[in-house]
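# A structural walkthrough
Spelled out, the chains give:
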Amino acid sequence: MIFQNPHPFLLWKDGNQGKKMVEKHCRTSLMGFHFNAISILLLNFSTFIPYNIEGLKMESISVFDILKIGIGPSSSHTMGPWKAVQQCLNEFSLKYDLLSIQSIQVYLYGSLAKTGPGHGTNKAIMLGIMGFDPATIDCSLIDDYINTIKATHKITIFGSKEISFHPQEHIFFKTQEQLPFHSNALKVLITYGNSAVYEDIFYSIGGGFVVKGPADENLPTTQLPFPIERAKDLLSWCKQENCSISDIVLKNELTWRTEQEILDQLKLIIDTMQASVYKGCHSAGILPGGLNVKRRASYQNTKLIQSSKYDSISGWIEMIKKADHSFKETLNWVSCFALAVNEENAAFGRVVTAPTNGAAGVIPAVMLYYLCFCEDVKENDVDKFMLVAGELGSIFKKGATISAAMGGCQAEIGVSAAMAAGALTEVQGGSPEQVLMAAEIAMEHHLGLTCDPIGGLVQIPCIERNAMGAMKAITASQIALASDPFFARVSLDEVIKTMWNTAEDMNSKYKETSEGGLAINIPVSFPDC
C-alpha cells in the first residue's frame, strides 16, 4: 500500500480578526503497525481536510474522519500528537533507515504544552514512537509500557530499534512559547546517522486531525457526487434528490467504501460506543491525574438497575428498555450514559472521537436514549443516526472548528450536541429542514462556552458537560420536531459563522490553556510527576 504524505494548510489574513487557520488538501494518516524485530508493515488510512475559504473547492471529509476509534483523554492532545510522531517517523523512513536513529526529541508549544501533562500528551508520544495504534492498543497495558520506559530509560521505535529515552529529557513542554497557525503545535527532532538532524513541525487541529505547513495547492481533490460545504448545500441536495440527509451522506460515503464496508465500519463505531458506556457503568474508583475525581456512572447504574440481572451489553440494554420510563428515570439514564463514556475517556480508556474525545459522551448517550426510550426504533436507524451526526460534524469543521484550543468548549460539546440533536431528529422522522434546525438550536445554546479544564485534565468540568450536552441535544431535537422550520429566524450556517466569530473574539485563556475560569479559581495541588 502506498503511503500518502500529509500536506499542510495555508494561513491567510482576515481584515478584522488577523490570522485565521485554513485547512486545505491535507491528508493525515492514522497508522496501524504490526511489527517484529526486523520488519514493519505500514497501513494508511487517509483523512481529508478542507479549506475554510469562500469560493475555493472543498476537499471532502468522510463520516469516519469525524467518528474515529481511539483512546482518551483528548483527541487533539493525545491522539493528535500520537499520530504526529508516527507520521514523522514514517516520513523519515521513506528517506532514511529507521535503524540509523540515535535519539528522538519532541517539543510541545501553546495549549499542547500548557495542558499536555493532564491530557497524557507525553504518554501518547511514547506510545506513538513504539508504533501502537490508538484504535487497537490494549488500554490495560498502557501504564506498564510507560513505566517500563521510565524505569529502563529506553524506548523501541516501531518494535525495531531500541534507543535511550528519558521522558523528562526528551519531551519538552514549552509553556511560554507558541508557534504560528495553531495553539496545538509540536516539533520533532530526530538525530540519526553521523549526528545528522531531521526536523519537522506538526499541528494538532482538533478531533485527531494533524496538518503541516506550508501549503501544497496541487493535491488532487476527491470528487463526491454531492459535494457539501455548508448546511444549505446539504439541504439543496436533499430537495433535489427528494431524500433524507442520511441518504445523501451514504451516497457520498460510497465514493470511498462499498456499502458493506460502510455498514461494517458503522457497526464497529456503534459497538465501540456501547462498550465504552457499558465499561464506564461498571467501573468504580478514582480517576487518575491527581484531582481525586470519583467515578459516578457505576454508582448511578447500580442504583438504577436495582436487582436486575444481565451478563452482556445487549442484555443490559434490553433490561434498560424494560425498566421505568418515567421522565426522571430517563434523565438519570441519559446522564449515566454520558458520564460513563467520559469517565472512561479520563481514565485513558477506549472511546469514539465524536467529534473529539472531550465530547465523546454526548452522541453515545443520545444514541442509547433513542434505542432505550423511544418508540418504533427500526433496525438500521442507528446507522442513519451516525451518518447524519458525522456529516453535521464535518460541516462544523469546514465552517468553524472542532478544536477547543481554537474555539473553546463550544467547539467540542457544542458541536457534539448539534451532531446528536440533528441525528436524533432524523431517526425520529424529522425532515431535513428539522434536522438542521435541531443542530442549530443545540449549538445556539452553547455559543461562547469556554474550555477551562482544572489541572489541565479532561475531568472538571468536561465529564459533566457531556451529560449537559446530551440533555440539550434531546431538548433541541424535540423543539425542532414540534416546529415549522419555515419560521426559523436563524439558520445552521449562520450559527456556525457566529460560532467562529465568537471563537475569534474569545480570550486565549479560555481556549484549553487552564489559565482562566474554573482552572484558576479552584485550588488544586498535584504530586510531582
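Residues numbered from 1 in each chain as written. Predicted model: local features only at pLDDT ≥ 70, side-chain atom pairs only at ≥ 80, totals over all residues. Heavy atoms only, no water.

## Considerations on the side chain of Asn301
Applied cut-off: We count a stretch as a helix when DSSP gives it H or I for four or more residues in a row; a strand needs E for two or more, and each element gets its number in order from the N terminus. Here the term buried applies to any residue with accessible area under 20% of the maximum for its type, exposed to any over 50%, and partly exposed to those in between, with areas from a 1.4 Å probe on protein chains only. As used in this structure description, the phrase polar contact means that two N or O atoms lie within 3.5 Å; if the pair is within protein, one of them must be able to donate a hydrogen and the other to accept it, and residues adjacent in sequence are counted only when both atoms belong to side chains. Two residues qualify as a contact provided that any one of their heavy atoms is within 4.5 Å of a heavy atom in the partner residue.
Its place among the elements puts Asn301 in helix H10 (residues 297-305). On the basis of relative accessible area, Asn301 is assigned to the buried category, the value being 1%. At 2.9 Å, the side chain of Asn301 and the side chain of Trp316 are in polar contact. When near neighbours in sequence (up to four residues on either side) are disregarded, Asn301 contacts Cys281, His282, Tyr310, Trp316, Trp333 and Cys336.

## Concerning the pairing of strand E8 (residues 101-109)
Consecutive side chains of a regular strand alternate in pointing toward one face of the sheet and then the other. For clarity, the threshold we go by: For two strands to be treated as a pair, DSSP must find no fewer than two bridges joining them.
Counting buried residues in E8 gives seven out of nine residues, a clear majority hidden from the surface. Bridge count between E8 and strand E12 (residues 184-192): eight bridges; the pairing is antiparallel. Along E12, the bridge assignment pairs Leu108 with Leu186. As paired elements, E8 and strand E11 (residues 171-174) share four bridges and run parallel to each other. Pairing of Tyr107 across the sheet is with Phe172, part of E11.

## Topic: unusual backbone geometry
In this chain, Gly72 is followed by Pro73 through a cis amide linkage whose omega measures 10 degrees. Residue Pro461 follows Ile460 across a cis peptide bond; omega there is 5 degrees. Mapped onto the fold, Pro461 is located in the loop between helix H17 (432-444) and helix H18 (462-481). Positive phi values are uncommon outside glycine, yet Phe181 reaches one of about 85 degrees. Even without glycine at this site, Asp376 takes up a positive phi of about 60 degrees. You can call Asp376 exposed: its relative accessible area is 64%.

## What about the packing of aromatic side chains?
Just so we agree on the cut-off: Pairs were defined over the aromatic rings of Phe, Tyr and Trp, the Trp ring being its six-membered one, requiring ring centres within 6.5 Å. Orientation was assigned from the angle between planes: stacked under 30 degrees, edge-to-face over 60, tilted for the rest. Look at NZ for Lys and CZ for Arg. If either is within 6 Å of the ring centre and within 35 degrees of the ring normal, a charge sits over the ring.
Taken as a whole and assessed by the stated rule, the structure comprises 16 aromatic pairs. Ring geometry for Tyr107 and Phe172: centres 4.7 Å apart, planes at 15 degrees, overall stacked. Taken as a pair, Tyr107 in strand E8 and Phe172 in strand E11 lie far apart in primary sequence, 65 residues in all. Between Phe226 and Trp237, the aromatic rings sit 5.2 Å apart at their centres with planes inclined by 75 degrees, giving edge-to-face as the arrangement. Taken as a pair, Phe226 in the loop between strand E14 (209-211) and helix H7 (231-241) and Trp237 in helix H7 lie far apart in primary sequence, 11 residues in all. As far as the burial class goes, Phe226 and Trp237 line up, both buried. Here Lys187 stacks its cationic end above the ring of Tyr107, 5.3 Å away from the centre of that ring.

## Topic: the sheet that holds E14
Our working rule: All axes are obtained by fitting lines to C-alpha atoms, using only the stretch in contact for helices, and the reported angles, taken between N-to-C directions, cover 0 to 180 degrees.
The five strands are arranged E11-E8-E12-E13-E14 in an open sheet whose pairing can be described as mixed. What marks the edges here is a single partner per strand, and that holds for E11 and E14. In this sheet, neighbouring strand axes are inclined to one another by 25 degrees on average, regardless of whether the strands run parallel or antiparallel. In this fold helix H2 (residues 75-93) packs onto E8, E12, strand E13 (196-206) and E14, with an angle of close to 145 degrees to the strand it touches most, E13.

## Comments concerning the packing of H2 against helix H4 (residues 121-130)
For clarity, the cut-off: Should the near helix be turned anticlockwise from the far one by less than a right angle, the crossing is termed left-handed; should it be turned clockwise, right-handed. Note on residue classes: Ala, Val, Leu, Ile, Met, Phe, Trp, Tyr, Cys and Pro are nonpolar, Asp, Glu, Lys and Arg are charged, and everything else, Gly too, is polar.
Contact geometry for H2 and H4: axes closest at 8 Å, N-to-C directions at 30 degrees. Note on packing geometry: the crossing formed by H2 with H4 is right-handed. Across from His77, Thr78, Pro81, Trp82, Val85, Gln86 and Leu89 in H2, the residues of H4 making contact are Thr121, Ala124, Ile125, Leu127, Gly128 and Ile129. Here the residues of the contact of H2 with H4 are counted per class, giving eight nonpolar, five polar and no charged.

## Some remarks on the side chain of Glu440
The condition is simple: We count Lys and Arg on the positive side and Asp and Glu on the negative side, and we leave His and both chain ends out. Think of a salt bridge as a Lys or Arg side-chain nitrogen and an Asp or Glu carboxyl oxygen that are within 4 Å of each other.
Tracing the backbone shows Glu440 in helix H17. Despite its burial, Glu440 remains without a salt bridge, the nearest opposite charge being carried by Arg489 at 11 Å.

## Brief notes about the pattern of salt bridges
The final tally for this structure, using the stated rule, is 13 salt bridges. Of the charged contacts, one joins Lys174 and Glu177 as a salt bridge, the two residues approaching to 3.7 Å between their closest N and O atoms. Judged by relative accessible area, which is 28%, Lys174 ranks as partly exposed. On the basis of relative accessibility, which here comes to 38%, the residue Glu177 falls in the partly exposed class. One salt bridge connects Lys267 with Asp271, and the closest N-O pair in it is separated by 2.7 Å. In this pair, Lys267 and Asp271 are both assigned in helix H9 (residues 259-280), four residues apart and thus about one turn of the helix distant. Take Asp271: its relative accessible area is 33%, and that puts it in the partly exposed class. Through salt bridges with shared partners, a single ionic network connects Glu91, Asp200 and Lys212.

## Describing the packing of H7 against helix H8 (residues 245-253)
In a packed pair of helices, the relevant descriptors are the angle between the two axes and the axis-to-axis distance. The following threshold applies: Convention used here: angles under 35 degrees read as roughly parallel, angles over 145 as roughly antiparallel, angles from 65 to 115 as roughly perpendicular, and any remaining angle as oblique.
Two numbers describe how H7 lies on H8: the axes approach to 9 Å, and their chain directions differ by 100 degrees. In this view, H7 runs roughly perpendicular relative to H8, as classed from their interaxial angle. In this structure, H7 uses Leu234, Trp237, Cys238 and Glu241 to contact H8, whose residues at the interface are Ile245, Ile248 and Lys251. Looking at the contact of H7 with H8 residue by residue, the classes come out as five nonpolar, no polar and two charged.

## Observations concerning a nonpolar patch on the surface
The test is simple: Exposure above 30% relative accessible area and the absence of a salt bridge qualify a residue for a patch, where like charges join within 9 Å and nonpolar side chains (Val, Leu, Ile, Met, Phe, Trp, Tyr) within 5 Å. Using a 1.4 Å probe, the Shrake-Rupley method yields the accessible areas, and only the shown protein chains count as cover for residues.
Together, Ile460, Leu518, Ile522 and Val524 line one region of the surface with nonpolar side chains, adding up to about 270 Å² of accessible area. Within the element layout of this structure, Val524 appears in the segment after helix H20 (518-521). Classification of Val524 by relative accessible area gives partly exposed; the value is 37%.

## Looking at the confidence of the model for the protein
Interpretation of this model should avoid reading the predicted coordinates in detail wherever pLDDT is low. The following threshold applies: What pLDDT conveys is the predictor's confidence in a given residue, as a value from 0 to 100.
Residue-level pLDDT values for the protein average 87, and 86% of them are 70 or greater. Taken together, the stretch residues 1-57 has pLDDT below 50 and engages in 179 contacts with residues farther than four places along the chain or on a different chain. pLDDT under 50 marks residues 214-219. Its contacts with residues more than four places away, or in other chains, come to 14 contacts.

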